[in-house]
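For reference, the chains in residue letters:
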Amino acid sequence: MSEEAKGSWIGALGRKTLRLWRIVDTVSRAKAVDTLTVELEELENIFSLLVLGAFVGLPSPPIHLTMDLMPEMPHEFERMIEKIGTAHDPLGELFSALGIG
Amino acid sequence: MNALLIMVGSFAGYILMYHLYGRTIGSRIFGLSQSATPPSVALEDGIDYVPTRKEIIFGHHFTSIAGTGPIVGPAIAIIWGWIPALVWVFAGSIVMGAVHDFGALVISMRNQGKSISDYTAKYINSRTRLLFFLVVFLELWIVIAVFGLVIAVIFAMYPQSVAAVWLQVPIAMGMGYLVYKKGMNVTLLSICSICLLYVFILAGAYVPIQMPAVAGLPATGVWTLILLAYAFSASVLPVTTLLQPRDYINSHQLLVAMVLLILGVVVASLGGRLEVVAPALQAHPSEAPAMMPFLFITIACGAISGFHSLVSSGTSAKQVKTEGDSLFIGFGSMLLEGALAILVILAVAAGIGMGYTTPAGHVLTGTAAWTAHYASWTAASGLGTKISAFVDGAANMIMALGIPKQFTLAIMAVFVASFAGTTLDTATRIQRYVLSEVFATLKLDFLTGKYTATAMAVGSALVLAFATGASGSGALKLWPLFGAVNQTLAALALMVISVYLKTRGGYKWLVSGIPAVFMAVMTLWASGVNQRLFGQSHNLLLQLTNMVIIFVTCWISLEGLIRFLKTGGGRPEKLADSEFRGRALEPEEG
Amino acid sequence: MKPELHFFIGKGGVGKSTTAALCALFSSLAGRRTLLVSMDPAHNQGDIFESRFGEKPRKVLPTLTVREIDADYWMTRHLKETRDQIKRTYLYESAFNLLDHFKVLQFSPGLEEYALLRAFEDVLAHAGHQDRIIFDMAPTAITLRFFSLPAISLIWLDELTKLRSLICEKKEIITKIQGPGQPVQGDRVMEKLHHLAERHTRLRDRLVSQATRIHLVLNNDRLSLVEASRIRKRLGDMDIRIEDLLVNRLPPGQSADEITRAFEPVKCATLPLATEALIGLPALRRFLETQGDIFPRLL
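Residues numbered from 1 in each chain as written. Chains lettered and ligands numbered in written order. Predicted model: local features only at pLDDT ≥ 70, side-chain atom pairs only at ≥ 80, totals over all residues. Heavy atoms only, no water.

Engineer: Sorry if this is basic, but what is going on with the overall build of chain C here?
Structural biologist: The helix and strand tally for chain C stands at 11 helices and 8 strands. Taken along the three principal axes of its C-alpha coordinates, chain C extends 80 × 40 × 40 Å. Here chain C holds 299 residues, and the buried ones make up 50% of them. Within chain C, contacts between residues separated by at least 24 positions form 75% of all contacts whose residues are at least 6 apart in sequence. (Helix = DSSP H or I, 4+ residues; strand = E, 2+ residues; numbered from the N terminus. Buried < 20%, exposed > 50% of the residue type's maximum accessible area, 1.4 Å probe, protein only. Contact = heavy atoms within 4.5 Å.)

Engineer: Could you clarify how one ought to interpret helix 5 (residues 82-109) of chain B in this entry?
Structural biologist: Since the α-helix packs 3.6 residues into each turn, any two residues three or four apart lie on the same face. Residues and elements named next belong to chain B. Between its terminal C-alpha atoms helix 5 stretches 37 Å, which fits the 40 Å expected from 28 residues at 1.5 Å a residue. Helix geometry: helix 5 is bent most strongly at serine 93, by close to 50°. The buried fraction of helix 5 amounts to 23 of the 28 residues, a majority that puts the element mostly inside the structure. (Expected span 1.5 Å × (residues − 1). Bend = angle between axes of the 7 residues up to and from the residue.)

Engineer: Hey, could you run me through the packing of helix 17 (residues 383-399) of chain B against helix 18 (residues 405-441) of chain B in this one?
Structural biologist: Angle between the axes and distance between the axes: these two values describe a pair of packed helices. Residue and element names in this part refer to chain B. Look at helix 17 against helix 18: their axes get within 8 Å of each other, and the N-to-C directions meet at 130°. With respect to their mutual orientation, helix 17 and helix 18 come out oblique. The handedness of the crossing between helix 17 and helix 18 comes out as right-handed. Of the residues in helix 18, those in contact with Phe390, Val391, Asp392, Ala394, Ala395, Asn396, Ile398 and Met399 of helix 17 are Lys405, Thr408, Leu409, Met412, Ala413 and Val416. Across the contact of helix 17 with helix 18, the residue classes break down as 10 nonpolar, 2 polar and 2 charged. (Axes fitted to C-alpha atoms, helices over the stretch in contact; angles between N-to-C directions. Parallel < 35°, antiparallel > 145°, perpendicular 65-115°, else oblique. Left-handed = near helix turned anticlockwise from the far one by under 90°. Nonpolar A, V, L, I, M, F, W, Y, C, P; charged D, E, K, R; others polar.)

Engineer: So what exactly am I meant to see when it comes to the state of the cysteines here?
Structural biologist: Two cysteines, two sulfur atoms, one covalent bond between them: this is a disulfide. Tallying each qualifying case throughout the model produces 0 disulfides over all chains. Cys195(B) carries a free sulfur, and the closest cysteine sulfur to it, the one in Cys192(B), is 6.9 Å from it. Owing to a relative accessible area of 46%, Cys195(B) belongs among the partly exposed residues under this scheme. As a non-bridged cysteine, Cys268(C) has Cys23(C) as the owner of its nearest cysteine sulfur, 16 Å distant. (Disulfide = S-S within 2.5 Å.)

Engineer: I'm lost on the pattern of salt bridges in this one. Help?
Structural biologist: It is possible for side chains of opposite charge to pair when their charged atoms get near one another. Applying the stated criterion to the full structure yields 29 salt bridges over all chains. Arg164(C) is the partner of Glu76(A) in a salt bridge, and the nearest nitrogen-oxygen pair spans 3.5 Å. Residue Glu76(A) is located in helix 3 (residues 74-86), and its partner Arg164(C) is located in helix 6 (residues 140-178); the two belong to separate chains. Assessed through its relative accessible area of 11%, Glu76(A) is described here as buried. In this structure, Asp40(C) and Lys16(C) form a salt bridge, with 3.4 Å as the shortest nitrogen-oxygen distance. Taken together, the residues Asp40(C) in the loop between strand 2 (34-38) and helix 2 (45-48) and Lys16(C) in helix 1 (residues 16-29) connect sequence positions 24 residues apart. For the pair formed by Asp40(C) and Lys16(C), the shared burial category is buried. (Salt bridge = Lys/Arg side-chain N within 4 Å of Asp/Glu carboxyl O.)

Engineer: Explain the sheet that holds strand 4 (residues 64-68) of chain C here, please?
Structural biologist: Pairing between sheet strands relies on hydrogen bonds along the backbone, with the strands arranged either parallel or antiparallel. All names here are of chain C. Read from one edge to the other, the open sheet built from 8 strands follows the order 3-4-2-5-1-6-7-8, with strand pairing classed as mixed. The open sheet has two edge strands, strand 3 (58-61) and strand 8 (267-272), and neither has a second partner. Across the sheet, the mean angle from the axis of one strand to that of its neighbour is 25°, orientation sign disregarded. Relative to strand 5 (residues 132-136), strand 1 (residues 4-9) runs parallel, the two being bridged by 5 bridges. (Pairing = 2+ DSSP bridges.)

Engineer: Honestly, the nonpolar core in this entry has me stumped. Any pointers?
Structural biologist: Nonpolar side chains tend toward joint burial in soluble globular proteins. Among the nonpolar cores identified, the biggest contains 263 residues, and Phe390(B), Met412(B), Phe7(C), Phe135(C), Phe146(C) and Phe147(C) are the most heavily contacted of them. Of all the elements, helix 7 (residues 126-157) of chain B adds the most residues to this core, at 20 residues. With near-sequence residues (within four places) excluded, Phe135(C) lies in contact with Leu5(C), His6(C), Phe7(C), Phe8(C), Val37(C), Met39(C), Phe120(C) and Val123(C). One finds Val66(C), Leu246(C), Leu284(C) and Phe295(C) within the second-largest nonpolar core, a separate group that totals 28 residues. (Core = buried A, V, L, I, M, F, W, Y, C linked by side-chain atoms within 4.5 Å.)

Written out as structure tokens, the structure is:
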């Protein structure tokens, strides 16, 4: 094998290894936080329900608090409305969160 | 028959079938299209919907579904011979398991990432909702009991693993504290924790811990009690304290174990020491249930597992970059789990033949070593021998790499016990939730408290575990029950996929319909046989449980069938768009 | 020096507005710069002073200014501000759907007293130069809610802030481990929560401070007594004390001893039934001449 071919072969191998390491690293990091992420999401949902509960028929804080905080919570509002659709399948969410298989 | 040949052959077969069968299913049946816009792109928000590289999703997905299932199942099923086990794992995982996982992922992807259970819930109306919870309760009840027994059995047979498995708890808690509370560098701590774990595993070989019989309870019984107490404590802790870091450490153990196994098979076979010693086919081993239908119930995870259908394809589906990627992720990860199961088969069919030291001190090799474990269903303590066949067999194979046997034994034993341990924790948590839902529905609110519900979850499993005899020999009866419920869920998911495919027109639905019918039939058949067996041994608890399983399987099959017949071809049904999104996403047509 | 605050509260029809007006007049005649604010939707001050008042304060005397709060104006203003903010931060489509839900909010209970609270803040913001501000309050129900609003809001804000801190903590950990999914922004919700807490703490402190006096006006009958006791208890629960009791329109020959006893140790004062209609400045002045000694005690 010529010098350049060998060099480029090693370079390609190096690049592949680096790519593999990056993938492993990303997956590892994702795994390190997967349950935590779900927990965080649930906390945010609870917060949303507390503040924006008026929109889904829950007792709410003094309405002006809801109105004052609402403009800062577009994401939460969206998520809450969507959650109504999935709220009847908490099992699925739980199973996936806790990764039983 | 050379083990390496089997391994290379089946792996090559998987790759081939992925391209042949997988791609056909993808393009012709599900109509995957590169031009379709998956939710990760259409609804991209940087939080949930993030287009991600398929390798990353794959890694995450696979480590989530792999566990103790693909190990225990094949380790038991080898009793019917290595050919049936291998064929079922290979064919089953391709034609049923991968189709099931892949189908669930695609349906989820085409419904904005909503889980398949959402889709299923449309067909399980509120009337049967309680029933569905009952199914899940049964499943978890059996899981907690069986997995508790699995670990107890490992502890009893491999005292060198005890220390390391328990020490994993403080390691995980330490890592959890330092990373999640103190914010220290995660890569550094991961490496430290994992290295520390392996140090303990190796050191454990010198510090075996034997549990004495206590108050008339055999060692396994005592361990089971301790483990269920552990399940209780662990499941009430916050997730970052123990569960999250432990789960994380386990996924690395999985990687290490698989790599070691593959290398072990290669090296040992090339050294000419790894030959299959298990019989090719043994349809009616002594005292064991018949191969037909029990093979299909015993190997669940690894061929097709209903648990996966409950796993909300949610996260993965929200991250898939293109429709084409879903094949790699859904289909591919199931095939990889099949590959793991095949490695297990090799360990218990060939690895065990490399040498086995009986408790009495004799060293057996070849077929004699195999027979010591599989002479009969309940030979030498039932479930224990089957698992030890794997641990010993795998340890043997890895030994070929030059690692001393006492260490390899410890590594493999700790591997199995760790995974089972985390499952105990998570299953208890979910069971707690299921129980509180059931109690709340029955207006028994005083039972819905966190500790009460957990106590009931653990307590009920304890009852089941001891109902089969605390020594673990009876635990083998539980595994088919676990398999039966698991496969019922699998059949249900396949039915749902069939309904979806029916709406795509033509006979596409056969791809999942046939497996669905197969699973339902096998499960009912096996449950019927079990009913007779339990009746003969006068075990009331098991009889009742089995009857409930039969009832549930019939009901679910009926519901699924009715729904299937009602569905006409045409536009695929979509879950109702949340009105919030404004514009409706068009269903993907291939 | 911050102005002294005086609140005249009581059941409708007991003569609250007139008493407040008399008090304000007395204060201004004594040389203090006085602002009389009507928070009562019935807006009797206009009739009493035979004048038209509005949000813009008007001088009746060199040291007496009168302002009438328009609750509707403040409600509408709040709704509009919120709506505009939503339009700014929400995606177009989301905003579109949200505003439909939002329309329902404008009829929520709680908006009226909040409107009064905002008006109250506005009054304070623009009346720094006054020595005394005298509030003719709305009927009891709204008044009690007005007084309790800052405290209740603070309870909610406390809980919400705790939860939000927890959320921020966890987000930080995840970001640290996984790298930021998107550019990290400071938590706007948290900032808002702090801002709101500050505001409501200021309001609550103002309402319970020593420089705030609450005068409960009632008539000499059973119903008045019962209601007044209830008000006292409710305010007591919020650590708001009543400065004194004013038994108004006491017919000649009657004594208010029963009430006085029931309310010990709160000071009690009485005002007799007026001989003429208390309408217009001259009539008010004449009444003050005869009953002058009551008011220094009040102020």
